[in-house]
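Examining the three-dimensional arrangement
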Amino acid sequence: MTSSVERQCGDCTLCCKVMAIETLAKPASLWCPHCSPGHGCAIYAGRPDECASFSCLWLVNDLLDQRWKPSRSKLVLTTSEDGLEIRCDPGFPNAWRKEPYATEIRAWAEEGERNDMTVVVTVGQRMILVTPDREFDLGIVGPNERIVRELEGTKVVGATVVKASEI
Ligand code: SF4
Ligand code: SF4
């Protein structure tokens, strides 16, 4: 959608599939009708602000090498208030379990547990909270729902989904 000086989206258009675009009422995991996959946006000059302002982490973070380019990894990484979000192309639902991705995701989960940050993988509508030694498959988490972790010290021992209004 946007490009850094150092990196360009090039042939990647994966965020136009995995991200929800509220302005267009485009749900996550379906191609935007304006996207020509692998080529770009047909309404680029007039695309919504939320598209124009978006950069995935690969685009802006040199620590993620070329293997993490979303068109290659099938994974779009972003940060959230709670930590790291990894959106997996639903056409390749096991992409995040392949290497080098799985090992790196687990390492981020270890770091996250020490620093009270979450690592969440999204595959289609399904969300999976990844911890150093477990995966919590949370199913479909709606926009008005939140993941609540049960902690023992810094260790995550449980996770549930609750309505945001109940927090
Ligand atoms: S996922 Fe990242 S690299 Fe791919 S098109 Fe979107 S911003 Fe560009
Ligand atoms: S409007 Fe353009 S940039 Fe935004 S999701 Fe659709 S194809 Fe991608």
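This is a predicted model, so every value here is computed, not measured.

Cut-offs applied
- In every chain, residue numbers begin from 1 and rise along the written sequence.
- Each chain takes a letter, starting from A, and each ligand takes a number, starting from 1, following the order in which they are written.
- With the structure being a predicted model, the display of local features is reserved for residues of pLDDT at least 70 and the display and counting of side-chain atom pairs for 80 or more, all residues being used for whole-chain, interface and lining totals.
- In computing side-chain values, all of the structure's heavy atoms are included and hydrogens and water are not.
- One heavy atom within 4 Å of a molecule or strand is enough for the residue carrying it to be called near that molecule or strand.
- Amino acids are sorted into nonpolar (Ala, Val, Leu, Ile, Met, Phe, Trp, Tyr, Cys and Pro), charged (Asp, Glu, Lys and Arg) and polar (every other residue, Gly among them).
- A pair of strands is labelled paired if DSSP reports no fewer than 2 bridges between them.
- Only DSSP runs of H or I covering at least 4 residues are called helices, and only runs of E covering at least 2 are called strands; the numbering of each starts at the N terminus.
- What counts as a ring pair is set by centres within 6.5 Å for rings of Phe, Tyr and Trp (its six-membered ring), and what kind of pair is set by the plane angle: stacked under 30 degrees, edge-to-face over 60, tilted for all other angles.
- Exposed residues in this analysis have more than 50% of their type's maximum accessible area, buried residues have under 20%, and partly exposed residues fall in between, with area computed by a 1.4 Å probe over protein chains only.
- A positively charged side chain is recorded as over a ring if its NZ (Lys) or CZ (Arg) lies within 6 Å of the ring centre. The angle to the ring normal must also be within 35 degrees.
- Axis lines are fitted through C-alpha atoms, for helices just across the contact stretch, and the angle between N-to-C directions can take any value from 0 to 180 degrees.
- Where each domain starts and ends comes from a domain assignment, either automatic or drawn from a database.
- For this analysis, residues touch if any pair of their heavy atoms sits within 4.5 Å.
- Buried area counts how much accessible surface, traced with a 1.4 Å probe, disappears from two parts once they are put together, with both parts' losses summed.
- The rule for a salt bridge is simple: a side-chain nitrogen of Lys or Arg has to be within 4 Å of a carboxyl oxygen of Asp or Glu.
- Here a polar contact is taken to be a pair of N or O atoms separated by no more than 3.5 Å, where protein atoms must pair a possible hydrogen donor with a possible acceptor and residues adjacent in sequence count only if both atoms sit in side chains.

Some points on the site of ligand 1
The environment of ligand 1 is made up of 10 residues, and the closest members are Cys9, Cys12, Cys15, Cys56 and Pro70. Looking at the shell around ligand 1 residue by residue, the class counts come to nine nonpolar, one polar and no charged.

What about the pairing of strand β9 (residues 155-163)?
Relative to β9, strand β8 (residues 145-152) runs antiparallel, the two being bridged by eight bridges. Bridge pairing in β9 places Glu152 opposite Lys155. Where β8 folds back onto β9 in an antiparallel hairpin, the turn is made up of two residues, including Gly153, whose phi is positive at roughly 70 degrees.

Topic: the packing of aromatic side chains
Considering all chains together, one arrives at two aromatic pairs under this definition. When the centroid spacing of 4.8 Å and the interplanar angle of 80 degrees are considered together, the rings of Trp68 and Tyr101 count as edge-to-face. With Trp68 in the loop between α3 (57-60) and α4 (70-73) and Tyr101 in helix α5 (residues 101-114), the pair connects residues that are 33 residues apart, well separated along the chain. Each member of the pair, Trp68 together with Tyr101, is buried. Centroid distance Trp68 to Trp108: 5.1 Å. Interplanar angle 45 degrees. Geometry classified as tilted. Here Trp108 lies in helix α5 and Trp68 lies in the loop between α3 and α4, a separation of 40 residues in the sequence. Of the two residues, Trp68 and Trp108, both sit in the buried class. An aromatic cluster is present here, built from Trp68, Tyr101 and Trp108 joined pairwise through their rings. Lys74 extends its terminal NZ or CZ atom over the ring of Phe92, reaching a point 4.7 Å from the ring centre.

Some words on the environment of Met19
Here Met19 lies in the loop between α1 (15-18) and β1 (35-36). Classification of Met19 by relative accessible area gives buried; the value is 12%. Separated by 54 residues in the primary sequence, Met19 and Ser73 place their C-alpha atoms 16 Å from one another.

Here we look at the sheet that holds strand β7 (residues 135-140)
Across the sheet, five strands lie side by side as β3-β4-β5-β6-β7; this open sheet has mixed pairing. Strands with a single pairing partner mark the edges of an open sheet, and in this sheet they are β3 (75-79) and β7. Neighbouring strand axes in the sheet, compared pairwise and without regard to direction, differ in orientation by 20 degrees on average.

What to know about the domain arrangement of the protein
Accessible area lost upon the coming together of the parts serves often as the stated size of an interface. Structurally, the protein comprises domain 1 (1-56) and domain 2 (74-166). The C-alpha-based centres of domain 1 and domain 2 are spaced at 23 Å. Domain 1 puts nine residues into the contact, and the matching count from domain 2 is 12 residues. Roughly 730 Å² of surface becomes buried between domain 1 and domain 2 when both sides are summed, with 70% attributable to carbon and sulfur atoms. Of all residues in domain 1, Leu14, Val18 and Ser29 give up the largest surface area on contact with domain 2, accounting jointly for 53% of the area buried on that side. Applying the counting criterion to the domain 1 and domain 2 interface returns one salt bridge. Residue Lys17 pairs with Asp89 through a salt bridge whose shortest N-O separation is 2.7 Å. Our count for the domain 1 to domain 2 interface comes out at one residue pair in polar contact (both at pLDDT 80 or more). Looking at the side of domain 1 that touches domain 2 residue by residue, the classes come out as seven nonpolar, one polar and one charged.

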